[in-house]
Amino acid sequence: MIPAVSRSLPESLYSADAVRAIDRYVIGQCQVPGFELMQRAASSVFRNMIKVWPEPGRLLVLCGAGNNGGDGYLVAASAVRHGLDVDCVAVTDPERLKGDALKAYQAAVGDGVGVRLWRELDEGARAVLFATAGLIVDGMLGTGVTGAPRAPFDDLIRRCNASLAPVLAIDLPSGLDATTGHAAGDVVRAVVTVTFIGLKTGLLTGQGSGCSGQVVFESLETEPFLDSCGEQPTARRVDWWGLRSRLPVRSAAAHKGHFGHLLIVSGDRGFGGAALLAAEAAIRSGAGLVTLATRPEHVMPALARCPSVMAQGVIHGSELVPMLSRASIVVCGPGLGQSSWGQQMLQQVVTSGKPQVLDADALNLLSQRVPVTANNHILTPHPGEAARLLGMTSAADVEEDRVAAAIRIQQEYGGTVLLKGAGTVITDGRETIIISGGNPGMATGGMGDVLSGMIGSLLAQVATPLEAATLAATLHLACADRASESKGYMGLIPTDVIDTLPLMLAEAERLSERRLREGLQGIDDAVDGE
Ligand SMILES: NC(=O)C1=CN([C@@H]2O[C@H](COP(=O)(O)OP(=O)(O)OC[C@H]3O[C@@H](n4cnc5c(N)ncnc54)[C@H](O)[C@@H]3O)[C@@H](O)[C@H]2O)[C@@H](O)CC1
Ligand SMILES: [K+]
């Protein structure tokens, strides 16, 4: 199976505007002709294509009206030169082509590519093209797309997605917004996307995470110009494999007081499982002490399942006060409910001033009536909760621009914000991080409760809330990926993630200790394949 995201992708993520500005800078200031860049782009696509599909069968190359189409024509030319069977289709009439795209079209025709006009094909011929394709190369729309793909692009995208042939997308799956990861209409579902010059944010978050397939990055030899061009990345890409050898190494003289006392306030009637998942995930991610404040009826089952957790029944908010004073970190929200019990508990937590992780119903209450006052919290909304925090109508509004939504929540509520969903976004207002990894098996109740417990636990053990949220979220996704190897997607449940934690942490501890002992510079590269 092709992995969702290559571990060798660069860290910096750019908006479409930033990548276009870098293109202009390289062409204008560094005197690399645009057509030269296009040739490099096309040969990198062809090289990657042959690596993944050495014998692709009949190639169907779909070319649009802009430079993405220009890339497509040059890929078709390479394929013809290498003796492949190629159907090259001009989705927009070539007479509308300009500049480098026109030059590319002319070069392709000169190399013997037979270009067919989509407009001139009858339905039978169109159906045959898709039915006989062994591989489709999508050169329809790239960073120049605005809004939903218009006719005939929408129809072609649907045909690509209905085809049995895999799709290789040039630069972006057509229809995807390179900045936001949102698709305003139809969008190509690619198996591989070969992207150029700057890694686009939208490939790794929102719909981009689902439709880009394996993302391959090709700099087209522009890296020397990235620093001098002055374009700032919008976010940084992070995954567990890059972070794990930097896990804090425990001293041999460590005692439980060094790793915090986490208080989890969770589990109104009917939601006792959420409390248990958060508490067990916290204790399994290294917290020194974990106390669970929950409805009295959940205490016995909690102790029976997890005796390492100190479980205490609470009925009134005032009973939390002494527990809060003993805690160093608080997690509040999983299974909190929105009844007066949950409201009282949350009120005590937010007024305690303790560093805290607020999740689930704590966020719903926050959006209605409980104001946050401090700045030392981590808020972990899913898109629906994020919409409520922002007063938007629905999760779909948040999904239109996930990075912007996370930043707006941070601006309005302070602290650090972790927006869940495909391509998790974390921001503390100074830095924004996007996390790659994870799988559709995680779309099941309780996964978020596990994450809150892990974030609280790591908040007690690392330097900053951003670091705690990032480590916990990457680890959570990596555990889910590892667990899905044996459980699949449909069978994956939150306790599988908890059960995988010790294994993943043990691997990371070994690497962190080795890094410390050997001071190896290149240890990440060395261990990447382990
Ligand atoms: N020098 C450069 O700038 C390079 C650009 N490259 C390629 O060029 C692409 C960007 O090229 P362009 O700026 O020409 O943009 P695109 O090729 O992405 O698309 C622009 C064309 O699409 C049409 N269009 C926009 N939105 C549409 C919609 N919703 N429905 C239907 N048609 C729509 C526009 O009218 C325009 O004709 C990159 O994604 C990359 O593939 C590469 O060749 C590398 C070098
Ligand atoms: K494309």
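Reading guide: rules and limits
Residues numbered from 1 in each chain as written. Chains lettered and ligands numbered in written order. Predicted model: local features only at pLDDT ≥ 70, side-chain atom pairs only at ≥ 80, totals over all residues. Heavy atoms only, no water. UniProt positions renumbered as here; feature names shortened; annotations may be inferred. Donors = N, O, S within 2.8 Å, 3.2 Å for Na, K, Ca; no water. Helix = DSSP H or I, 4+ residues; strand = E, 2+ residues; numbered from the N terminus. Buried < 20%, exposed > 50% of the residue type's maximum accessible area, 1.4 Å probe, protein only. Contact = heavy atoms within 4.5 Å. Pairing = 2+ DSSP bridges. Axes fitted to C-alpha atoms, helices over the stretch in contact; angles between N-to-C directions. Salt bridge = Lys/Arg side-chain N within 4 Å of Asp/Glu carboxyl O. Near = heavy atom within 4 Å. Polar contact = N/O pair within 3.5 Å; in protein donor to acceptor, adjacent residues only side chain to side chain. Areas by Shrake-Rupley, 256 points an atom, 1.4 Å probe, with all protein chains shown as cover. 1 Å grid on protein atoms, 1.4 Å probe; cavity = no way out; pocket = protein on both sides within 12 Å on 5 of 7 lines; lining within 4 Å. Sits in = over half its atoms within 2 Å of the grid points. Nonpolar A, V, L, I, M, F, W, Y, C, P; charged D, E, K, R; others polar. Points joined across faces, edges and corners; volume = space filled by probe spheres on them.

Identification of the chain as Bifunctional NAD(P)H-hydrate repair enzyme from Marinobacter zhejiangensis is taken from an unreviewed UniProt entry. Recorded in UniProt for the chain, the comment headed Subunit (unreviewed entry) runs: "Homotetramer."

(A) Expanded view of the coordination of the potassium ion (ligand 2). Every protein donor of the potassium ion (ligand 2) is listed here as Asn-68 (OD1), Asp-138 (O), Leu-141 (O), Ile-170 (O) and Leu-172 (O), and their distances to the metal cover 2.6 to 3.0 Å. Taken in sequence order, the residues that donate to the potassium ion (ligand 2) follow the motif N-x69-D-x2-L-x28-I-x1-L. Within this pair, whereas Asp-138 is found in strand β5 (residues 135–139), its partner Leu-172 is found in the loop between β6 (167–170) and β7 (192–196), the two being separated by 34 residues in sequence.

(B) Here's a closer look at helix α15 (residues 383–390). For α15, the buried fraction is high: seven of the eight residues fall into the buried class. Pro-383, Gly-384, Glu-385, Ala-386, Ala-387, Leu-389 and Leu-390 are the residues of α15 that are buried. Buried residues along α15 sit in contact with α14 (360–368), α16 (395–399), α17 (402–413) and β17 (416–419). Just downstream of α15 lies Gly-391, where phi reads positive at about 70°.

(C) Structural context of the sheet that holds β5. The seven strands lie next to each other as β4-β3-β2-β5-β6-β7-β9, forming an open sheet whose pairing is parallel. Across the chains shown, the open sheet's two edge strands, defined by having one partner strand only, are β4 (115–117) and β9 (214–218). On average, each strand axis in the sheet is inclined to that of its neighbour by 20°, with strand direction left out of account. Summarising the sheet, strand β2 (residues 59–63) and β5 pair through five bridges and their orientation is parallel.

(D) Representation of the pattern of salt bridges. Counting across every chain of the model gives 25 salt bridges. For Arg-116, the salt bridge identified is with Asp-87, shortest N-O distance 3.9 Å. In this pair, Arg-116 sits in strand β4 while Asp-87 sits in strand β3 (residues 86–90), placing the two residues 29 residues apart along the sequence. For Arg-116, a relative accessible area of 34% gives the class partly exposed. Judged by relative accessible area, Asp-87 falls into the buried class, the value being 8%. The closest approach of N and O atoms between Arg-158 and Asp-186, which form a salt bridge, is 2.8 Å. Taken together, the positions of Arg-158 in helix α6 (residues 153–162) and Asp-186 in the loop between β6 and β7 put the pair 28 residues apart, joining distant regions of the chain. Of the residues examined, Arg-158 reaches a relative accessible area of 44% and is grouped as partly exposed. You can call Asp-186 partly exposed: its relative accessible area is 24%.

(E) Quick look at the site of ligand 1. Ligand 1 sits among 22 residues. The nearest are Asn-68, Asp-71, Gly-142, Thr-146 and Asp-171. In the model, a nitrogen atom of ligand 1 is placed 2.8 Å from a nitrogen or oxygen of the Thr-146 main chain. Expressed as a share of its isolated accessible area of 870 Å², the protein-covered part of ligand 1 is 85%. Judged by its atoms lying within 2 Å of the grid points, ligand 1 is housed in the second largest pocket. Mapped onto the shell around ligand 1, the elements with two or more residues apiece are α1 (16–28), α2 (34–52) and α3 (67–81). Along the lines of polarity and charge, the residues of the shell around ligand 1 split into nine nonpolar, eight polar and five charged.

(F) Molecular detail of the layout of surface pockets. By volume, the second largest pocket is sized at about 1,100 Å³. Together, 42 residues line the second largest pocket, and Arg-20, Gly-66, Asn-67, Asn-68 and Gly-144 are the ones closest to its centre. At the level of elements, α1, α2, α3 and α4 (99–110) are the ones that each hand at least two residues to the lining of the second largest pocket. If you tally residues by element for the lining of the second largest pocket, the top one is α1, at five residues. For the lining of the second largest pocket, the residue count by class is 21 nonpolar, nine polar and twelve charged.

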